[in-house]
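Architecture at a glance
Chain residues, written in single-letter form:
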Amino acid sequence: MPRSLALPLPAVLLALLLATGASLFAAATLPAGPRGAAIALLSLFKAALVVLGFMRLQRESPALAAALIGYAALLCLLAGLRIALAG
Amino acid sequence: MNIAVRNINLDAGHPASEGGMELLLWILVWSELIVFGALLGAFLVFATLDPPALAALHLALDLPLAGLATATLLTSGCFAARAAFGHKPRRNLVIAALGGLAFCGLKIAAFAHELPVLAASEGRLAELYMLIVGFHFAHVLFVAGLLLLLVAWRPAPRHVATVATVWHLVDLVWLLILPVIYLG
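Here is what the cut-offs are and how they apply
Residues numbered from 1 in each chain as written. Chains lettered and ligands numbered in written order. Predicted model: local features only at pLDDT ≥ 70, side-chain atom pairs only at ≥ 80, totals over all residues. Helix = DSSP H or I, 4+ residues; strand = E, 2+ residues; numbered from the N terminus. Buried ≥ 20, exposed ≤ 12 C-beta atoms within 10 Å, placed from the backbone. Contact = placed C-beta atoms within 7 Å. Nonpolar A, V, L, I, M, F, W, Y, C, P; charged D, E, K, R; others polar. UniProt positions renumbered as here; feature names shortened; annotations may be inferred. Axes fitted to C-alpha atoms, helices over the stretch in contact; angles between N-to-C directions. Parallel < 35°, antiparallel > 145°, perpendicular 65-115°, else oblique. Left-handed = near helix turned anticlockwise from the far one by under 90°. pLDDT = per-residue confidence, 0-100.

The helix and strand inventory of chain A stands at four helices and zero strands. Counting from the amino terminus, chain A carries its helices and strands in the arrangement α-α-α-α. Once the C-alpha set of chain A is aligned to its principal axes, its extents read approximately 45 × 25 × 10 Å. A buried classification covers 44% of the 87 residues belonging to chain A. Across chain A, every contact between residues at least 6 apart in sequence was considered, and the portion connecting residues at least 24 apart equals 61%.

For the rest of this paragraph, the subject is the interface of chain B and chain A. Listed by partner, the interface residues are 32 residues for chain B and 30 residues for chain A. Elements that contribute at least two residues to the side of chain B that touches chain A include exactly α1 (16–49), α3 (63–84) and α6 (157–182) of chain B. Element by element, the count of residues in the side of chain B that touches chain A is highest for α3(B), at 10 residues. Each residue belonging to the side of chain B that touches chain A can be placed in one class, and the counts come to 20 nonpolar, nine polar and three charged.

All names here are of chain A. Listed under "transmembrane region" (unreviewed entry) in the UniProt record, and renumbered for this structure, are residues 37–57 and 64–85. Span residues 37–57 is 95% helix and 0% strand, its end C-alpha atoms 27 Å apart. Taken end to end, residues 64–85 comprises 100% helix and 0% strand; its first and last C-alpha atoms sit 32 Å apart.

With that settled, consider the packing of helix α4 (residues 62–86) of chain A against α6(B). In the contact formed by α4(A) and α6(B), the axes pass within 9 Å of each other and the chain directions differ by 15°. Relative to α6(B), the element α4(A) lies roughly parallel. The hand of the α4(A)/α6(B) crossing is left-handed. On the side of α4(A), the interface is formed by A:A72, A:L75, A:C76 and A:A79, while α6(B) contributes B:L172, B:L176, B:P179 and B:V180.

Detailed reading of the predicted coordinates is not advisable wherever pLDDT is low. Residue and element names in this part refer to chain B. Taken over all residues, the pLDDT of chain B has a mean of 88, while the share at 70 or more is 90%. Taken element by element, the predicted model of chain B shows its lowest mean pLDDT in α1 (89) and its highest in α3 (96). Model confidence for the complex is summarised by a pTM of 0.90, with the ipTM given as 0.93.

Next up, the structure:
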């Protein structure tokens, strides 16, 4: 089995829950510009954690893992832009 | 995932049907992602074109309940991952399924007070919201209520890994629904 960084599942879950709480906090408190950026980054962080931490897809297929994270990045970027520009 | 792409090499002595099943799994995963991507893209366009409708929709949504549902779904995903990595697959799959059903319960609680408001409003955003969240709800109900429990009954490693992949897809889609619909 190829050696790669394997985050422990409880640590991944804790990071996901903290990022979810931070997203909700950002949505409730930040002005539009920083809110868009914060929500986009936190959402992408969570999506990447699911792919790399729960699925550990990078061990089997780095290309598929990159494609899933790229897909999530596109949607997070669009959502963040909409929030930042339209409030 | 321990599963999916690893055994695609037919030279390794695996039956051809295994590679075919894995290819089908990833075709299914990407089909789902494309459908949800199109729906979320449409939501983003209509939300940009009609900010008052988005503001009205946000007033009807229960953000704390959505946060709680997210935490429930992610915790369930963690148990599915544990099952896929070989830790007591039956028990972890059942816990994952219960987490999914708890998510459904939380969404039903949210729908109970969102639907009357949304039904009274006109416009595409409310319809798109119901379509996207309802479609995801159907996925959770089907995978948690049927597939996870079915595989937990006789947890063959390949099946556990496959159903865990589908469950993580459901997680991933919800994590993308959250910023597009709820947090905006």
